[in-house]
Amino acid sequence: MTHIHFFSGEQIPVEMHKTKILQKLTLIPTQERLAAIAAAGYNTFLLQNAQVFLDMLTDSGTNAMSDQQLAAMMVADDSYAGSQTFTRLERVCRAIFEKEQFIPAHQGRACEHLLAQVLVKPGQLVPMNYHFTTTKAHIVRMGGIVVELPHAEALDPESTCPFKGNMDVGALRRLLEEEGPESVAFVRMEAGTNLIGGQPFSLANLEDVYAVCREFGVLLILDASLLADNLYFIKAREEACREMSIAQITKAIAKNTDVIYFSARKLGCARGGGICTSDGQLAASLKELLPLFEGFLTYGGMSVREMEALAVGLEETLDEDMISQGPQFIAYMVDELHKQGVPVVNPPGGLGCHLDAKRFLPHVPQNQYPAGALAAALYIVSGIRGMERGTLSEQRNPDGTEPLADMELLRLALPRRVFTLSQVKYAVDRITWLYENRDLVGGLQFVEEPATLRFFLGRLAPIGDWPMQLAQALEKNLSFSTL
Ligand code: F0G
């Protein structure tokens, strides 16, 4: 990784790329933002992007592509069956992950759908380091039960453990001994564990998990959607891997898995997804479902242009300079907020900066969705759109009761290579102001609540008129009342 020395002693990340294409942004006035979030049911998913200044909702499908990726899109071979583009992508996946089969799919959750459909039987358990929303929904839909086996410090936002994404291997062994391997559909490890703040696992932990899986004869599936960040952290934080190249670490990870699937909206900075495995029988079962749900075997719902971009993007994932910008910008944002006393998830992870809403808004009870309220409040005061990752992102139990999430996070994603440092500084400034004025923020309640994945389309209302009071306080504090 390239480090640029500043004689001033300042420690700021420097991009090893330059901007060639840009998109104009606008920051609409505070009162318009207040009206926009009300019209969106206080759900940032329902805002129009034209109403948003900095879109930190997600890194999914929003990463900046390289010139090489855009150039590759021009040579895409447009054919339904047997496209040369697919052959190129398949070859790249084989070379990187050393698995014989590549099964294309239209995005990450499509891979989860196919895998759950083939592997999960009603009542079976799926142990994992931590769940992701769509993963869990697909497993539960097939009658499976998710068993979380996170690292002891995974859910503590203040712990400085460098590998909070590690699985509790002892707990996995006990579960397999007590329940028997036949009751386990598969074991799942998620790279750059999304819902606990983009936290990585170590190569050593993955090796231990895989050894237990081999011993009991159960499949280990890796969700590699956030693998690029995890690779960076293994290289930066794991002593034994310091001298390894990113390609070598990738191969070592792949060797300790039976199946790798990914969302190419994140990994490879394109759009699409796929499953890699050398298990011929499993691949055959997945391929049987492909034409029914995704498309023909040589595109799986992806456009040929995206497949070309993905092939190049996956190769670029092995370039340390290409994958270090995201984690380094996130570390800068987290560290600056931490210095101001703002509660954030530490250590900085991948994907984005995560605000800890439980400590940010201790006066808002969890059943009034503090992380959702924080998302709405931040939009009002800054035009920045984040994503709630807390109780609102959970699903009600069949009896209608509401499980309270382990963590209440507001995720501020930094799509790879998209934002400048001055934009990150603006975010830090407004978040700090909001923290100083946190008593003004109240809770939310549902007005319309969908049964599945309610955070996408649910509509809420504020409890009290706090959004208006917050907007007024901001305007009073600003020298330009229009901003
Ligand atoms: N697995 C992980 C770890 C993810 O973060 C995502 C998506 C998926 C699977 C599903 O992939 O969106 O291509 O269907 N995460 C997005 C996010 C939605 O905003 O974090 P997909």
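Residues numbered from 1 in each chain as written. Predicted model: local features only at pLDDT ≥ 70, side-chain atom pairs only at ≥ 80, totals over all residues. Heavy atoms only, no water.

S.K.: Hey, could you go over unusual backbone geometry for me, with residue numbers and the actual values?
M.R.: The omega angle of the peptide bond from Asn346 to Pro347 is -10°, so this bond is cis rather than trans. The residue Pro347 is located in the loop between α12 (320–339) and β9 (352–356) in this model. (Helix = DSSP H or I, 4+ residues; strand = E, 2+ residues; numbered from the N terminus.)

S.K.: So what's going on with helix α7 (residues 203–216)? Which residues, and what values?
M.R.: With 14 residues, α7 should reach 20 Å at 1.5 Å per residue; the first-to-last C-alpha distance of 20 Å fits that figure. Buried residues in α7 make contact with α6 (169–179), β5 (187–190), β6 (220–223), α8 (227–237) and α9 (246–255). Remark: Gly217 follows α7 within two positions and exhibits a positive phi of approximately 70°. (Expected span 1.5 Å × (residues − 1). Contact = heavy atoms within 4.5 Å.)

S.K.: Could you give an account of the sheet that holds strand β11 (residues 387–389), with specific residues and numbers?
M.R.: In spatial order, the strands read β9-β12-β11; together these three strands make up an open sheet with antiparallel pairing. The sheet is open, and its two borders are formed by β9 and β11, each paired with just one other strand. Each neighbouring strand pair of the sheet contributes to a mean axis angle of 30°, computed without reference to strand direction. (Pairing = 2+ DSSP bridges. Axes fitted to C-alpha atoms, helices over the stretch in contact; angles between N-to-C directions.)

S.K.: For the site of the ligand, give the residues involved together with the corresponding values.
M.R.: Contacts to the ligand come from 17 residues, most closely from Thr58, Arg109, Asp223, Ser263 and Arg411. Burial of the ligand by the protein amounts to 96% of the accessible area it has alone, namely 470 Å². The element best represented in the shell around the ligand is helix α4 (residues 108–119), accounting for three residues. A per-class count over the shell around the ligand returns two nonpolar, eight polar and seven charged. (Near = heavy atom within 4 Å. Areas by Shrake-Rupley, 256 points an atom, 1.4 Å probe, with all protein chains shown as cover. Nonpolar A, V, L, I, M, F, W, Y, C, P; charged D, E, K, R; others polar.)

S.K.: Quick rundown of the packing of aromatic side chains? Include the residues and the values.
M.R.: Under the definition given, this model contains 12 aromatic pairs. When the centroid spacing of 5.0 Å and the interplanar angle of 80° are considered together, the rings of Phe45 and Phe456 count as edge-to-face. Here the residue Phe45 occupies a position in the loop between α1 (30–39) and β1 (54–55), and Phe456 occupies one in helix α16 (residues 454–457), the gap between them amounting to 411 residues. The exposure class assigned to Phe45 is partly exposed, which follows from its relative accessible area of 21%. Judged by relative accessible area, which is 24%, Phe456 ranks as partly exposed. Taken together through their ring pairs, the aromatic side chains of Phe86, Phe97, Phe102 and Phe262 make up a single cluster. (Phe/Tyr/Trp six-rings, centres within 6.5 Å; stacked < 30°, edge-to-face > 60°. Buried < 20%, exposed > 50% of the residue type's maximum accessible area, 1.4 Å probe, protein only.)

S.K.: Before we move on, can you summarise the pairing of β5 with the specific residues and values?
M.R.: By the alternation rule, side chains of β5 split into Val187 and Met189 and Arg188 and Glu190, which are all buried. Across four bridges, the pairing between β5 and β6 is parallel. Across the sheet, Met189 pairs through a bridge with Leu222, a residue of β6.

S.K.: Describe the domain arrangement of the protein, and please don't skip the residues or the numbers.
M.R.: Domain annotation of the protein identifies domain 1 (30–59 + 320–477) and domain 2 (69–316). Centre-to-centre, using C-alpha coordinates, domain 1 lies 28 Å away from domain 2. Contacts between the two partners involve 31 residues from domain 1 and, on the opposite side, 36 residues from domain 2. In this assembly, domain 1 packs against domain 2 so that about 2,700 Å² is buried in total across both faces, 57% of it on carbon and sulfur atoms. Broken down residue by residue, the surface that domain 1 buries against domain 2 is led by Ile323, Pro347 and Met407, which jointly contribute 20%. Applying the counting rule to domain 1 against domain 2 returns five salt bridges. Residue Arg359 pairs with Glu158 through a salt bridge whose shortest N-O separation is 3.6 Å. One can count 10 residue pairs in polar contact (both at pLDDT 80 or more) joining domain 1 with domain 2. Elements supplying a minimum of two residues to the side of domain 1 that touches domain 2: α12, β9, β12 (409–413) and α16. (Domains from an automatic or database assignment. Buried area = accessible area lost by both parts, 1.4 Å probe. Salt bridge = Lys/Arg side-chain N within 4 Å of Asp/Glu carboxyl O. Polar contact = N/O pair within 3.5 Å; in protein donor to acceptor, adjacent residues only side chain to side chain.)

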